[in-house]
Amino acid sequence: MSNESKICLVNDDSIYYRGYDIKDLTAVSSFEEVSFLLIYGELPTERELMEYRSELQHYRYIPESLKQILERIPVYAHPIDVLKTACSFYSTISPESKQNDIFRISNRLIGSFPSVLFYWYHFSSNGIRINTQTKVNDSFARHFLKLLKRGNNRINNNNGNKKFAQENEEPTLEYVKALDVSLILYAEHGMETASTFSCRLGASTGSDVYSCIGSAIGTMKGILDDGSSSEAVMCLLQSMKSQEEADSKIMKMINNNQRIIGFSDEFDQRTPIIKEWSKQLSIVNKSIINNNNNNNNNNNNNNNNNNNNNNNNNNNNNNNNNGSDYDDNSLQRISERVEEIMFDVLKLHANVDFFNATVFHQSKIPTLLFSAISVIARTTGWMANIIEQRKQTKKSLPCQLPSLIYTGSDPIPFTPINERVYFKIPTSKL
């Protein structure tokens, strides 16, 4: 397996995709542009980007046979396993071939994974079969957030019965851009990640693209891989309701030598970018809450002029409750306080997962789905690495793996079964 790559450079200054700084890419580019860049090697022209988006849009539709499988997957399944199942299924109905090459497969997986995720999510949660198509000109991030809302938006018909809205309710613009930035940051991180190593290892053996991606997906499910710990981060942050509680809990965990997910001894160049978006979303959401409260106040005043004073008192109480509850502003303050403690005490840096957790939460994405987002985004990087590894494998020797250092017993004679001593099988704690 080759240790050379032209795809991603990670250094102390920044991270570069095919030579382009991620600071520039997240500022002015889109996930689709970055996906094209990683897989095809160059930024697309306007026409190429339009054609590429059209190709991804084509695969938002998922076949009925796959829907039947997704409907059989229980609600308690992990979303990463759902995506891995879909990947394996596609390998049976549309295997890799000269006609169905790696580029077409990459478009299918990248384009369909949000549809797969949300078809399963809404059906397993609510029994709703959502329409996985959105507007043709919807970006990848906008399409993702629209699918998230489908099946959740209940409206009443004339008979007073509830039904589910299937139309294109537009997501908040800042949510779309923040998700776009997250997808770009997760798209690739070089051989520093175990999932990419697993992917390239499979490619170096000559395995098909679906098997390589399936191996990478399974590896990313591990909480120690890049992009997989945002769920654990959110669970930690949600257990703390104030900065003071954060001080107490984090110091207790440090003193007890407990592992605190979302931190590393190396600075993650992606963190400042996503942290800034986390700050922006906390401001946006505060504005949305204030506007909603004002609208409620106006409605109450218009509907019941005789009870203005009572309404105002109730609204003030509601506002006070909103401020004391666990809102996005307190989440932002708590996360920044945790980051500060970890650096001051342990000199550890927050990684991209840490503030991506707050971005996803503030974008109203369920915690359960956090790591699935990184899988969807990283599929672009995995595909780029498979393509590169295959080209390099053709020019090099067959895959040679390092040998393990044996630390077991010296050679011993075989013991007949009637002479063996009872051995109690230990309970696994791994």
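Overview of the structure.

Here we come to the overall build of the chain. A count of helices and strands for the chain gives 17 helices and seven strands. Within the chain, the fraction of its 430 residues that count as buried is 47%. When the accessible surface of the chain is split by element, carbon and sulfur atoms take 49% of a total near 22500 Å².

Let's shift gears to the side chain of threonine 379. With respect to the helices, strands and loops of the structure, threonine 379 is situated in helix 17 (residues 370-395). Those residues in contact with threonine 379 that sit more than four places away from it in its chain are Leu109, Ile110 and Phe113.

Next up on the list: the environment of isoleucine 105. Tracing the sequence through the fold places isoleucine 105 in helix 6 (residues 102-126). Considering only alpha carbons, one finds isoleucine 105 and tyrosine 90, 15 residues apart in sequence, at a separation of 9.0 Å. With sequence-adjacent residues up to four places away left out, isoleucine 105 is seen in contact with Glu96, Asn100, Val209, Tyr210 and Met383.

On to helix 4 (residues 64-72), then. Those residues of helix 4 not exposed but buried are Leu66, Lys67 and Leu70. One side of helix 4 holds all its buried residues, which, seen down the axis, span an arc of 105°. In this structure, helix 4 carries Gln68 and Arg72 as exposed residues pointing more than 90 degrees from its buried face. In this structure, the buried side of helix 4 is in contact with helix 5 (79-93) and helix 6.

By the secondary structure assignment, tyrosine 16 is in strand 2 (residues 15-17). What makes tyrosine 16 buried here is its relative accessible area of 17%. Remark: the alpha-carbon pair of tyrosine 16 and lysine 6, spanning ten residues in sequence, is separated by 10.0 Å. Apart from the residues lying within four places of it in its own chain, the contact partners of tyrosine 16 are Ile7, Cys8, Leu9, Asn11 and Asp21. Within the structure, tyrosine 16 has its side chain in polar contact with the side chain of aspartate 13 (distance 2.6 Å).

Bringing the nonpolar core into the picture now. Core analysis: the biggest nonpolar cluster contains 105 residues, and Tyr17, Ile250 and Val338 have the highest contact counts within it. Each residue touching tyrosine 17, except ones within four places of it in the same chain, is listed here: Ile7, Cys8, Ile22, Leu25, Val34, Leu37, Leu38, Ile184, Leu185, Ala187 and Glu188.

Further remarks concern the pattern of salt bridges. Across all of its chains, the model carries 17 salt bridges by this definition. Measuring nitrogen to oxygen at the nearest pair gives 2.8 Å for the salt bridge that ties glutamate 339 to lysine 275. Residue glutamate 339 is located in helix 15 (residues 328-346), and its partner lysine 275 is located in helix 13 (residues 271-303); the two are separated by 64 residues in the primary sequence. Among the residues examined, glutamate 339 registers a relative accessible area of 18% and is labelled buried. You can call lysine 275 buried: its relative accessible area is 19%.

Moving on, we come to the packing of aromatic side chains. Per the counting criterion, the structure on display carries eleven aromatic pairs. With a centroid separation of 4.8 Å and 75° between ring planes, the pair formed by phenylalanine 118 and phenylalanine 144 is classed as edge-to-face. With a gap of 26 residues between them, phenylalanine 118 in helix 6 and phenylalanine 144 in helix 7 (residues 140-149) connect regions that are remote in the sequence. Overall, phenylalanine 118 belongs to the buried group, its relative accessible area being 0%.

Running from amino to carboxyl end, helix 6 crosses helix 10 (residues 209-220) at an angle of 40°, the nearest separation of the two axes being 10 Å. In this view, helix 6 runs oblique relative to helix 10, as classed from their interaxial angle. Considering only the axes of helix 6 and helix 10, their crossing is right-handed. Facing helix 6, whose interface residues are Ile102, Ile105, Arg108, Leu109 and Phe113, helix 10 presents Val209, Tyr210, Ile213 and Ile217. For the contact of helix 6 with helix 10, the per-class residue count stands at eight nonpolar, no polar and one charged.

Calculation rules
Residues numbered from 1 in each chain as written. Predicted model: local features only at pLDDT ≥ 70, side-chain atom pairs only at ≥ 80, totals over all residues. Heavy atoms only, no water. Helix = DSSP H or I, 4+ residues; strand = E, 2+ residues; numbered from the N terminus. Buried < 20%, exposed > 50% of the residue type's maximum accessible area, 1.4 Å probe, protein only. Areas by Shrake-Rupley, 256 points an atom, 1.4 Å probe, with all protein chains shown as cover. Contact = heavy atoms within 4.5 Å. Arc of directions from axis to C-beta. Polar contact = N/O pair within 3.5 Å; in protein donor to acceptor, adjacent residues only side chain to side chain. Core = buried A, V, L, I, M, F, W, Y, C linked by side-chain atoms within 4.5 Å. Salt bridge = Lys/Arg side-chain N within 4 Å of Asp/Glu carboxyl O. Phe/Tyr/Trp six-rings, centres within 6.5 Å; stacked < 30°, edge-to-face > 60°. Axes fitted to C-alpha atoms, helices over the stretch in contact; angles between N-to-C directions. Parallel < 35°, antiparallel > 145°, perpendicular 65-115°, else oblique. Left-handed = near helix turned anticlockwise from the far one by under 90°. Nonpolar A, V, L, I, M, F, W, Y, C, P; charged D, E, K, R; others polar.

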